[in-house]
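Observations on the three-dimensional arrangement
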Amino acid sequence: MKILLVLAAIVIAVTSLLVSHYLVKDLSKEEHKKMEVWAQALHVLNHADDNTDLTLVLDVIQGNTTIPIIVLNSEGQIDDFRNIEDTTRLEYYAQEMIQSGDTIHVGDQLVCYDESVLLKRLSQYPYWQLGIVMVFVVVAIFALLSSKKAEQNKVWVGLSKETAHQLGTPISSLMAWVEILKENHPNDELIPEMDKDVKRLERIAERFSKIGSLPEPKEGSMNEVLTHVVEYMRHRTSDKVEIICNMPDHDVRVMMNASLFEWVIENLCKNAVDAMDGSGQIDLTLMEEGGHVVIEVADNGKGIRKKDIRNVFTPGFTTKQRGWGLGLSLARRIVEDYHKGKIFVKSSELGKGTTFRIEL
C-alpha cells in the first residue's frame, strides 16, 4: 500500500508537470501568432499614406500591454520598445531576445519579443505547486510520526505504571515475611541475601513507576552508581565473566536520577554478558572529556552486525531468542529524555565485541 501511494503521488506530480508544460507551450504559440500580427501592423503603419485607414492598425499596436517588445532598425539601434520597466538595459534585453530566437523581420526592422509575465508565471507555477505539496507531505508525515510516537509513549507509560502497581502488593508481602524470618531465625546467613533481593525488587518497581514522569535530577556521584552496578553484576553473573571498572580517583558529580541511571548501566552490562555467552570481559570506564561526563561499556562478545547497529535502540528490535527488545529503548529514553544526554554504539566488530558510549 505504501509503494502504491508513493507511485500514485509520482504519477500525479508528473501528470501535473506535463499538463502545465503543454499548456505553457500552447500559450507560447498563441503569443507568437499575436507578435506576427503585431509585426504586420507595424509594417502597415510604417508604409501608410494619407489614404490608409490606421484605426485597426493602431488598435493592434496599442492592444499589446503584456508582451515585452524591442524594435531594432537595420543598424541595430533601438527604434521603439513596449512593456519593459527597466529602460536602462534595453540593449541587453534585445540581445537576450535575439539569442533565444524570439524575433520577426519586418522590412529593414527587427522585432524582438519575450514571453509575457503571465506566461512566465504559468511556467513556474507547477514547481511552486510541487514545492508546496512536498512541504505539506513532509508536515503530514512529521505529524503522523509524532502522533505514533505519542501513542507509543502512552503505551510505555501505562505498561510501566501498571507493572509497578502489580509488583507493589507482593513486594510488600515479601518484605513482611522477611522481617518475620529475621525475628525467628536471626542467625540465618541466607535471610540477609533474601532481604537484598526484595529491596532490589522494590527498587525495580520504583523505576517502573517513574517511567512517563520527569524525575527530578539530583546531584550524585557517578562513581557510586558504577560501583553499585559492578557489585550487583558480580554477584549475579558467572565467575567466567570479569568486570573491570576504570574510574578517576576523584568523585565525579552529575545531576541525575541515580536509580534510573543504574538501570541503564545494568542493562548494558546484562546485554554484554549475553553477547559473550557467559564468558569474557566487561570494561566499565568513567572519564571527563571537554565538559562532558563519559561512561563507556565495552565487551569482547560476538559484536553487532553493521546493518543492525542503527536499529538497536528501536523498540521491539532484538537479536536474542527470548528478548523483548525493550531494554536499550528504555535506556535511550532515560539518557536522552530524562538526562538530556547521548547514548550510542561507539564501535562494534563481529567476533571482537561492542562498546556503548554515554555522554552527559
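Coordinates for the structure precede this section.
We now turn to the structure provided with this report. All residue numbers here refer to positions counted from 1 along the written sequence of the relevant chain. Confidence filtering applies because this is a predicted model: local features only for residues at pLDDT of at least 70, side-chain atom pairs given and counted only at 80 or more, and all residues used for totals across whole chains, interfaces and linings. Side-chain measures were taken over the full set of non-hydrogen atoms in the model, leaving aside hydrogen atoms and water.

1. Examining the sheet that holds strand E9 (residues 292–299)
Across the sheet, which stays open at both edges, the five strands sit in the order E6-E8-E9-E11-E10 with mixed pairing between neighbours. Sheet topology places strand E6 (241–246) and strand E10 (342–349) at the edges, where each strand pairs with a single neighbour. Taking each pair of neighbouring strands and ignoring which way they run, the sheet shows an average axis angle of 15°. Strand direction decides the pairing type here: E10 and strand E11 (residues 353–359), joined by seven bridges, are antiparallel. If you follow Phe344 over to E11, its bridge partner there is Arg357. In this analysis, strands are considered paired if DSSP registers two or more bridges between them. Secondary structure elements follow DSSP: runs of H or I of four or more residues count as helices, runs of E of two or more count as strands, with numbering from the N terminus. For every element, the axis is a line fit to its C-alpha atoms; helices are fit only across the contacting stretch, and the angle between N-to-C directions ranges from 0 to 180 degrees.

2. Quick notes on the packing of helix H7 (residues 258–275) against helix H9 (residues 327–338)
In contact at an axis separation of 9 Å, H7 and H9 are set at 145° when each is read in the N-to-C sense. With respect to the hand of their crossing, H7 and H9 are arranged in left-handed fashion. Counting all contacts with H7, which are made through Leu260, Phe261, Trp263, Val264, Asn267, Leu268 and Asn271, the residues of H9 involved are Gly327, Leu328, Leu330, Ala331, Ile334, Val335 and Tyr338. In this scheme the crossing of two helices becomes right-handed for a clockwise turn of the near helix relative to the far one and left-handed for an anticlockwise turn of less than a right angle. Note on definitions: a residue-residue contact is assigned when non-hydrogen atoms from the two residues lie within 4.5 Å.

3. Some points on helix H6 (residues 222–235)
Each α-helix turn comprises 3.6 residues. Residues three or four places apart therefore point the same way. The length a helix should cover is 1.5 Å for every residue beyond the first. Over its 14 residues, H6 runs 20 Å from end to end, which matches the ideal 20 Å to within 8%, given 1.5 Å per residue. When a residue's accessible area, from a 1.4 Å probe over protein chains only, is under 20% of the maximum for its type it is buried; when over 50% it is exposed; and in between it is partly exposed. Within H6, the full set of buried residues consists of Met222, Asn223, Val225, Leu226, Val229, Val230, Tyr232 and Met233. A 3.5 Å cut-off defines polar contacts: any pair of N or O atoms within that distance qualifies, except that in protein one atom must be a possible hydrogen donor and the other a possible acceptor, and neighbouring residues in sequence count only when both atoms are side-chain atoms. At the N-terminal boundary of H6, the capping side chain belongs to Ser221, with an oxygen 3.3 Å from the backbone nitrogen of Asn223.

4. Here's the deal with the environment of Ser329
Tracing the backbone through its elements, the reader meets Ser329 in helix H9. Along the chain, Ser329 and Val312 lie 17 residues apart, while their C-alpha atoms are 7.9 Å from each other.

5. What about the sheet that holds strand E4 (residues 109–113)?
Pairing within the open sheet is antiparallel, and its four strands lie in the order E2-E1-E4-E3. Looking at which strands have only one partner, the edges of the open sheet turn out to be strand E2 (78–82) and strand E3 (103–106). Along the sheet, successive strands turn relative to each other by an average axial angle of 15°, direction set aside. Where E3 meets E4, four bridges bridge the pair, whose relative direction is antiparallel. Along E4, the bridge assignment pairs Thr103 with Cys112. Across the face of the sheet, helix H3 (residues 90–100) comes into contact with strand E1 (69–72), E2, E3 and E4 while running at roughly 90° to E1.

6. Side note on the environment of Glu115
With respect to the helices and strands, the residue Glu115 is situated in the loop between E4 and helix H4 (117–184). Between the C-alpha atoms of Glu115 and Met222, which are 107 residues apart in sequence, the distance is 71 Å. In contact with Glu115, other than residues within four places in its own chain, are Ser28, Glu31, Pro68 and Lys120.

7. Quick word on H9
Taking 1.5 Å per residue as the helical rise, H9 with its twelve residues ought to reach 16 Å, and the 16 Å between its terminal C-alpha atoms agrees with that figure. After H9 finishes, the residue Lys340 shows a positive phi value of roughly 55°.

8. Side note on unusual backbone geometry
Despite not being glycine, Asn83 shows a phi value in the positive range, around 60°. Residue placement: Asn83 occurs in the loop between E2 and H3. For Lys340, which is not a glycine, the phi torsion comes out positive at approximately 55°. Secondary-structure assignment places Lys340 in the loop between H9 and E10.

9. A few points about the packing of aromatic side chains
Each aromatic ring pair is described using two quantities: the centre-to-centre distance and the angle formed by the ring planes. Note on ring pairs: Phe, Tyr and Trp rings are taken, using the six-membered ring of Trp, and paired if centres are within 6.5 Å. Classes follow the plane angle, with under 30 degrees stacked, over 60 edge-to-face and the rest tilted. Taken as a whole, this structure holds two aromatic pairs when the rule is applied. Look at Tyr92 and Tyr93: their rings are 6.0 Å apart centre to centre, the planes differ by 55°, and that puts the pair in the tilted class. For Tyr93, a relative accessible area of 22% translates into the label partly exposed. Aromatic side chains Phe313 and Phe356 sit 6.1 Å apart centroid to centroid with 90° between the ring planes, which places their arrangement in the edge-to-face category. With a gap of 43 residues between them, Phe313 in the loop between helix H8 (306–309) and H9 and Phe356 in strand E11 connect regions that are remote in the sequence.

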